[in-house]
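# Coordinates in review
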Number of protein chains: 2
Amino acid sequence: MAKEYGEVELFGLRGSPYAGRVQIALELKGVKYRYVEEDLRNKSDLLLKYNPIHKKVPVLVHNGKPLAESLVILEYIDEIWQNHPILPQHPYDRSLARFWSRFIDDKCLPAISKAAFTANQEEREKGTEESLHALQFLEDELKHKFFGGESIGLVDIAAGFIAFWLPAIQEAVGLKLLSSKNFPKLSKWSEEYTNHPVVKENLPQRERVVGFFKARYASIIAQN
Amino acid sequence: MAKEYGEVELFGLRGSPYAGRVQIALELKGVKYRYVEEDLRNKSDLLLKYNPIHKKVPVLVHNGKPLAESLVILEYIDEIWQNHPILPQHPYDRSLARFWSRFIDDKCLPAISKAAFTANQEEREKGTEESLHALQFLEDELKHKFFGGESIGLVDIAAGFIAFWLPAIQEAVGLKLLSSKNFPKLSKWSEEYTNHPVVKENLPQRERVVGFFKARYASIIAQN
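Residues numbered from 1 in each chain as written. Chains lettered and ligands numbered in written order. Predicted model: local features only at pLDDT ≥ 70, side-chain atom pairs only at ≥ 80, totals over all residues. Heavy atoms only, no water.

### Re the relation of the copies chain B and chain A
Selection criterion: To line up the copies, we fit them by least squares on C-alpha atoms, keeping just the residues with pLDDT of at least 70 in both. Residue contacts are defined here by distance: any two heavy atoms, one from each residue, within 4.5 Å place the two residues in contact.
Each copy superposes on the other: chain B lies on chain A with an RMSD of 0.0 Å after a rotation of 180 degrees and an axial shift of 0.0 Å. This pairing of chains is accounted for by a two-fold axis. For chain B, the smallest separation between a C-alpha atom and the rotation axis is recorded for D106 of chain B, amounting to 4.8 Å. Mapped onto chain A, 100% of the interface residues of chain B again fall at the interface, so both copies present the same surface.

Below, the structure written as structure tokens:
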């Protein structure tokens, strides 16, 4: 397949939930690609050339043409490699998938970050409230095994942060947002998603991620 | 056309650049729709029912099914009504259009808002710097009459804020970000875009928009 569709390179960072999204989509579709690990304290010239605007991973390079922004890349991958579709077929369902994946990036992730990594107690409480409010919408939206139905789709991949990184954050900073008690469907989905063989194979080491968040939390507390 | 594709309703707000995007896309494609004007100080039950998450315009309702978020709606419209396509045909170009329209919403608009509507002088200067930096990327990206080539596409519609609302903001608050001197291509594009017959017909009254921004500015200054 790689030959047929040309050369694929992914600039990523182990532990990054955004780069992880792209990796999972490529693996689900069986696309062969070269993985380039970036060092965020010393970004490569290629990364800066390919993504001069955001200067961030992930960047996908397909036949020499670069693309940035994980959700944009996911749609591209789905248009080029059409096996195991991650977007639904019908335009309305496709739009809803786009809506929910943007909701995760625009509402859930900033709220979780505020709840976990703000020194100001009042701000943290506000972040917690906003997180619970946002997660409730996702809980209500879950009607099947996955957001994508019986198989993993765009929203599942976007929500991977909630399945894997959020529990690691909770452990690292002693926060409780997602539990089987308050969000039973979302918790069950988290388990299903992280245990999917392709996802499981491509998740970073949990202890490392917890360690990373512990260090981040400690540095925020130390600065205040 | 309206009959063939069922009933279309748009919940908007005169003067809203986001609702304006959807209106322009529908008009470009000649879609017949019912326009429902919202009052943001007294949102209708229907708006809250259709967009319980963001509680904002625009909402497009097609055959009873609601969709929110202007960029999501634009893609939906392009998938349902395929005449006068607003997204390019090739997947890579489609992805770039998605990238740039997100860039406008995620980088340009917040920077402009910070430059124009922040009381703190230092923050305003930071916003101005960020705005100029972001607009430069758009200036460099303009290679044809429109971002979409010879006809209006997704990025043009998304950038409508810069063509029409930004000059109104500049007038209202006495700010100079976009001028033919510092961004000649973007300035020429602004003129082309706002003079396109379909766009022109659907822009709000300039004095009203200027008045709105003047009042907003005054209230921010008064609070500080």
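Now that the structure has been shown, we can carry on.
### Here's the deal with the sheet that holds strand 2 (residues 34-37) of chain B
Residues and elements named next belong to chain B. Rules: At least two bridges found by DSSP between two strands are what make those strands a pair. A run of DSSP states H or I qualifies as a helix once it reaches four residues; a run of E qualifies as a strand once it reaches two. Both are numbered from the N-terminal end. Axis angles are defined between N-to-C directions and span 0 to 180 degrees, where every axis is a line fitted to C-alpha atoms and, for a helix, only to the segment in contact.
Spatially, 4 strands are ordered 2-1-3-4 in an open sheet, and the strand pairing comes out mixed. Pairing within the sheet leaves two strands with one partner each, and these edge strands are strand 2 and strand 4 (65-68). For this sheet, the mean angle separating the axes of adjacent strands, direction not counted, is 20 degrees. The sheet contacts of helix 2 (residues 17-28) involve strand 1 (8-12), strand 2 and strand 3 (59-62), and relative to strand 1 the element is tilted by about 150 degrees.

### A few points about the side chain of E79 of chain A
As a reminder, the rule being used: Here the term buried applies to any residue with accessible area under 20% of the maximum for its type, exposed to any over 50%, and partly exposed to those in between, with areas from a 1.4 Å probe on protein chains only.
Residue position: E79 of chain A is located in helix 4 (residues 70-80). Of the residues examined, E79 of chain A reaches a relative accessible area of 17% and is grouped as buried. In contact with E79 of chain A, not counting residues within four places along its chain, are P91, R94 and R98 of chain B.

### Some remarks on the UniProt feature "domain: GST C-terminal" (unreviewed entry) in chain A
Applicable threshold: UniProt positions are given in the numbering used here, feature names are shortened, and annotations may be inferred rather than shown by experiment.
Following the UniProt record, the feature "domain: GST C-terminal" (unreviewed entry) maps to residues 90-212 of chain A here. Annotation note: span residues 90-212 of chain A, helix share 74%, strand share 0%, distance between end C-alpha atoms 40 Å.

### Some words on helix 4 (residues 70-80) of chain B
The element helix 4 of chain B is largely enclosed, with a buried count of 11 among its 11 residues. Residues of helix 4 of chain B that are buried include every one of S70, L71, V72, I73, L74, E75, Y76, I77, D78, E79 and I80 of chain B, and no others.

### Topic: unusual backbone geometry
Residue and element names in this part refer to chain A. With an omega dihedral of 0 degrees, the bond running from V57 to P58 counts as a cis peptide bond. Assignment of secondary structure puts P58 in the loop between helix 3 (45-50) and strand 3 (59-62). Positive phi is not limited to glycine here, since E69 has a value of about 80 degrees. Take E69: it is sitting in the loop between strand 4 (65-68) and helix 4. Non-glycine residue H84 carries a positive phi angle of around 45 degrees.

### A few points about the interface of chain B and chain A
Rules: Buried area: the accessible surface (1.4 Å probe) lost by two parts on joining, summed over both. Salt bridge, as used here, is a side-chain nitrogen of Lys or Arg placed within 4 Å of a carboxyl oxygen of Asp or Glu. Polar contact criterion, stated in full: a pair of N or O atoms within 3.5 Å, where within protein one must be able to donate a hydrogen and the other to accept it, and residues adjacent in sequence count only if both atoms are side-chain atoms. Under this grouping Gly is polar, as are all residues other than the nonpolar Ala, Val, Leu, Ile, Met, Phe, Trp, Tyr, Cys and Pro and the charged Asp, Glu, Lys and Arg.
The interface is formed by 26 residues belonging to chain B together with 26 residues belonging to chain A. Of the roughly 2,600 Å² buried at the junction of chain B and chain A (both faces included), carbon and sulfur atoms supply 67%. There are 8 salt bridges connecting chain B and chain A. In this structure, the salt-bridge partner of R98 of chain B is E75 of chain A, at a minimum N-O distance of 3.5 Å. At the junction of chain B and chain A, the tally comes to 8 residue pairs in polar contact (both at pLDDT 80 or more). Contributing elements (two or more residues each) for the side of chain B that touches chain A: strand 4, helix 4 and helix 5 (91-116) of chain B. For the side of chain B that touches chain A, the element with the highest residue contribution is helix 5 of chain B, accounting for 12 residues. Within the side of chain B that touches chain A, the residues separate by chemical class into 15 nonpolar, 2 polar and 9 charged.

### Examining the UniProt feature "domain: GST N-terminal" (unreviewed entry) in chain A
Here, the residues flagged by UniProt with the feature "domain: GST N-terminal" (unreviewed entry) are residues 6-85 of chain A. Its end C-alpha atoms 20 Å apart, residues 6-85 of chain A is made of 36% helix and 21% strand.

### Overview of the domain arrangement of chain A
All names here are of chain A. The cut-off we apply is this: Residue ranges labeled as domains rest on an automatic or database domain assignment.
Domain annotation of chain A identifies domain 1 (2-80) and domain 2 (91-222). For domain 1 and domain 2, the distance between their C-alpha centroids amounts to 22 Å. On the side of domain 2, 18 residues touch domain 1, which itself brings 13 residues to the contact. Each partner contributes to the roughly 1,400 Å² buried at the junction of domain 1 and domain 2, and carbon and sulfur atoms together form 68% of this total.

### Quick look at helix 2 of chain B
Residues and elements named next belong to chain B. Applicable threshold: Between the first and last residue of a helix there are one fewer steps than residues, each counted as 1.5 Å, and that sum is the expected span.
The end-to-end C-alpha distance of helix 2 is 16 Å, a good match for the 16 Å that 12 residues give at a rise of 1.5 Å each. Burial within helix 2 is extensive, with 10 of its 12 residues counted as buried. Two or three places before Y18, at the start of helix 2, stands the capping residue S16, its side-chain oxygen 3.2 Å from that residue's backbone nitrogen. In the segment just after helix 2, G30 is the residue with positive phi, at about 70 degrees.

### Details of the pattern of salt bridges
All told, the structure shown has 30 salt bridges over all chains when counted by the stated rule. When salt bridges that share partners are traced, they join E75, E79, R94 and R98 of chain A together with E75, E79, R94 and R98 of chain B into one network.

### Here's the deal with the packing of helix 8 (residues 160-173) of chain B against helix 11 (residues 206-222) of chain B
Residues and elements named next belong to chain B. Applicable threshold: Geometric relationships in this document are graded by angle, where less than 35 degrees denotes roughly parallel, more than 145 denotes roughly antiparallel, 65 to 115 denotes roughly perpendicular, and other angles denote oblique. A crossing counts as left-handed when the near helix is turned anticlockwise from the far one by less than a right angle, and as right-handed when that turn is clockwise.
Packing of helix 8 against helix 11 brings their axes to within 8 Å, and their N-to-C directions diverge by 55 degrees. As judged from the angle between their axes, helix 8 and helix 11 are oblique. Helix-helix and strand crossings are classified by hand; for helix 8 and helix 11 the assignment is right-handed. In this structure, helix 8 contributes F164, W165, P167, A168, I169, E171, A172 and V173 to the contact, and helix 11 contributes R206, V209, V210, F213, K214 and Y217. Along the lines of polarity and charge, the residues of the contact of helix 8 with helix 11 split into 11 nonpolar, no polar and 3 charged.

### As for the sheet that holds strand 2 (residues 34-37) of chain A
Residue and element names in this part refer to chain A. Pairing is mixed in the open sheet, where 4 strands are placed in the order 2-1-3-4. Looking at which strands have only one partner, the edges of the open sheet turn out to be strand 2 and strand 4. Sheet twist, expressed as the average angle between the axes of neighbouring strands with direction ignored, equals 20 degrees. Pairing geometry for strand 1 (residues 8-12) and strand 2, over 4 bridges, is parallel. Residue F11 lies in a different strand from strand 2, and its bridge partner there is V36. In the packing of helix 2 (residues 17-28) onto the sheet, the strands contacted are strand 1, strand 2 and strand 3, and the crossing angle to strand 1 comes to about 150 degrees.

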